[in-house]
Amino acid sequence: MDNTLQQPQTGLIENVLSSYLGPRIVLGLAAMLYGTNFPLGAIMEQSLPASAATSSRMVLASIVLSPFLLQLKPSLRTQVLIGGAFVSMGYISQSVALLDTSPALVSFLGSATVIVCPILQWAVDKKPMGIKDAPQTWMAAALCLCGVAALELFDSSAGASLTETVSQLGTGDVLSLLQAVGFGTGVYMSEKMMHKEPDQALQVTAGLVTTTAFFSMIWCFADGWMSNPGWESMALPGLFLDPTLRSVALAVLWTGIISTSMNFCVEITALGRVPSSEASVILATEPLWASLFAALIFHEQFGTNDYIGGALMISACLVNTLKPADINGFFSKSLKPSE
């Protein structure tokens with residue numbers, strides 16, 4: 001009876017993922033869940049060092065996924081370790097960049113993943129990714145970057161003008177770009193692994209998250225806060241036992257179990273069906289969802305820039321669904337002189 005129930009359920013999931021829209025909708029839902037990390041991350045970082053917040057989230061996620069780690073196929077172990085190192089670089093460089101760089105600029109520069117993925121496809125896979133070969137990819141990337149810029153750099157409620165934001169460029173901005181390289185490479189490598197072993201989504205997720213947790217723990221030791229009195233309440237499991245950190249503990253639970261372990265697995269499963277250059281644009285809508293959740297949780301104003309940025313990012317996702325012939329044909333007709 002269990003097998004009878006499991007087969008239709010598995011068949012339904014496979015039908016969704018095998019369709020054209022299915023995996024793209026799944027990636028959109030993953031981006032939405034990732035958007036909860038921004039407001040909940042703000043709650044965690046009010047009471048915890050950045051390294052403690054990242055480590056607690058990743059360690060919890062790795063514990064949840066630990067049963068699948070030993071099931072990882074030997075042929076994927078090296079790739080998972082390298083991919084996990086790049087994902088770790090993304091998370092750590094993002095957190096360090098936020099120490100002296102505005103969240104708006106970190107988010108904008110982090111969206112450069114939409115450029116990193118097609119560059120990797122061109123450089124590593126030798127896939128033709130020029131303007132004529134993949135115009136939809138570069139148009140979508142441009143629209144996406146403009147959308148993130150509208151959302152983050154032109155936010156009048158932030159109290160800083162665009163000139164003031166850009167004038168603060170420094171080391172944090174290099175780290176923000178490093179974040180894009182880390183996350184973009186992680187997306188690219190996940191796509192390659194899922195193409196190779198489509199039944200290893202949970203195992204690959206467990207490996208990537210565990211590697212990230214390992215590097216996050218090293219960051220905690222190097223950060224110095226573990227030598228301070230009372231540090232036990234800022235780490236697992238003491239974090240869940242301190243009644244004054246209840247809201248922080250709930251944020252760690254959500255980000256560790258839902259928006260990291262579960263969501264990461266959902267993302268990696270869909271990455272086996274969608275090219276990384278296209279997936280990166282869908283996942284880059286995360287700041288749009290972050291703005292929506294910040295408006296709901298912190299009652300922040302949803303301004304004109306948010307509507308413009310949202311429209312541009314949705315347009316980017318729509319453009320990315322087109323074929324090169326559609327765009328080349330449109331421009332050839334537009335540029336053709338009328339008789």
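The model shown is predicted, which means the values in this text are computed figures rather than measured ones.

Trainee: Would you mind going over the overall build of the chain with me for this structure?
Mentor: When you go through the chain residue by residue, the secondary structure sums to 17 helices and 0 strands. Across the 339 residues that make up the chain, the buried fraction comes to 48%. Once local pairs closer than 6 in sequence are excluded, the contacts in the chain between residues at least 24 apart make up 87%. Of the accessible surface of the chain, which amounts to about 16800 Å², a share of 68% is contributed by carbon and sulfur atoms.

Trainee: Would you explain the packing of helix 4 (residues 50-69) against helix 11 (residues 201-223) in this entry?
Mentor: Two numbers describe a pair of packed helices, the interaxial angle and the distance between the axes. Packing of helix 4 against helix 11 brings their axes to within 7 Å, and their N-to-C directions diverge by 150°. Judged by the twist between their axes, the crossing of helix 4 over helix 11 is left-handed. Taken together, the residues that form the contact of helix 4 with helix 11 break down as 15 nonpolar, 10 polar and 1 charged.

Trainee: Explain the pattern of salt bridges here, please?
Mentor: Tallied over the full model, the rule gives 4 salt bridges. The salt bridge involving Asp199 is made with Lys73; its shortest N-O contact spans 3.9 Å. Residue Asp199 is found in the loop between helix 10 (171-196) and helix 11, and its partner Lys73 is found in the loop between helix 4 and helix 5 (77-97); the two are separated by 126 residues along the sequence. Notably, a salt bridge pairs Asp125 with Lys192, separated by 3.1 Å at the nearest N-O pair. Residue Asp125 is found in the loop between helix 7 (113-123) and helix 8 (135-152), and its partner Lys192 is found in helix 10; the two are separated by 67 residues along the sequence. Exposure remark for Asp125: the relative accessible area of 31% places this residue in the partly exposed category. A relative accessible area of 34% places Lys192 in the partly exposed class. Here the salt bridges share partners, and the residues they tie into one network are Lys73, Glu197 and Asp199.

Trainee: What is the right way to look at the packing of helix 2 (residues 21-34) against helix 15 (residues 286-297) in this model?
Mentor: Helix 15 packs onto helix 2 with a crossing angle of 50° between their chain directions and a minimal axis gap of 7 Å. Judged by the inter-axis angle, helix 2 sits oblique to helix 15. You can see that helix 2 and helix 15 cross each other, and the crossing is right-handed. In this structure, helix 2 uses Gly28, Ala31, Met32 and Tyr34 to contact helix 15, whose residues at the interface are Glu286, Trp289 and Phe293. For the contact of helix 2 with helix 15, a count of residues per class yields 5 nonpolar, 1 polar and 1 charged.

Trainee: Is there a simple way to think about a nonpolar patch on the surface in this case?
Mentor: A cluster of nonpolar residues, Val64, Phe240, Leu250, Leu253 and Ile257, forms a patch on the protein surface that exposes about 380 Å² of accessible area. At 3 residues, helix 13 (residues 246-271) tops the list of elements feeding residues into the nonpolar patch. Within the secondary structure, Leu253 sits in helix 13.

Trainee: Even after reading the chapter, I still don't get helix 2, so can you show me in this structure?
Mentor: A turn of α-helix holds 3.6 residues, and therefore any two residues three or four places apart point the same way. Taking 1.5 Å as the rise per residue, helix 2 with 14 residues should run 20 Å; its terminal C-alpha atoms sit 20 Å apart, in good agreement. With 10 of 14 residues buried, helix 2 is to be regarded as a mostly interior element. Burial in helix 2 covers these residues: Gly22, Pro23, Arg24, Val26, Leu27, Gly28, Ala30, Ala31, Leu33 and Tyr34.

Trainee: Sorry, what's going on with the nonpolar core here?
Mentor: Nonpolar side chains tend toward joint burial in soluble globular proteins. If you look at the biggest cluster of nonpolar residues, it comprises 38 residues, and the most contacted ones within it are Leu27, Val80, Val204, Phe264 and Leu283. For this core, the elements supplying multiple residues, two or more each, are helix 2, helix 4, helix 5, helix 7, helix 10, helix 11, helix 13 and helix 14 (276-283). The element contributing the most residues to this core is helix 11, with 6 residues. The contact partners of Leu27, leaving out residues within four places of it in the chain, are Glu267, Ala270, Val274, Ala279, Ile282 and Leu283.

Each value, and the rule that gives it
Residues numbered from 1 in each chain as written. Predicted model: local features only at pLDDT ≥ 70, side-chain atom pairs only at ≥ 80, totals over all residues. Heavy atoms only, no water. Helix = DSSP H or I, 4+ residues; strand = E, 2+ residues; numbered from the N terminus. Buried < 20%, exposed > 50% of the residue type's maximum accessible area, 1.4 Å probe, protein only. Contact = heavy atoms within 4.5 Å. Areas by Shrake-Rupley, 256 points an atom, 1.4 Å probe, with all protein chains shown as cover. Axes fitted to C-alpha atoms, helices over the stretch in contact; angles between N-to-C directions. Left-handed = near helix turned anticlockwise from the far one by under 90°. Nonpolar A, V, L, I, M, F, W, Y, C, P; charged D, E, K, R; others polar. Salt bridge = Lys/Arg side-chain N within 4 Å of Asp/Glu carboxyl O. Parallel < 35°, antiparallel > 145°, perpendicular 65-115°, else oblique. Patch = residues over 30% accessible without salt bridge, like charges linked within 9 Å, V, L, I, M, F, W, Y side chains within 5 Å. Expected span 1.5 Å × (residues − 1). Core = buried A, V, L, I, M, F, W, Y, C linked by side-chain atoms within 4.5 Å.

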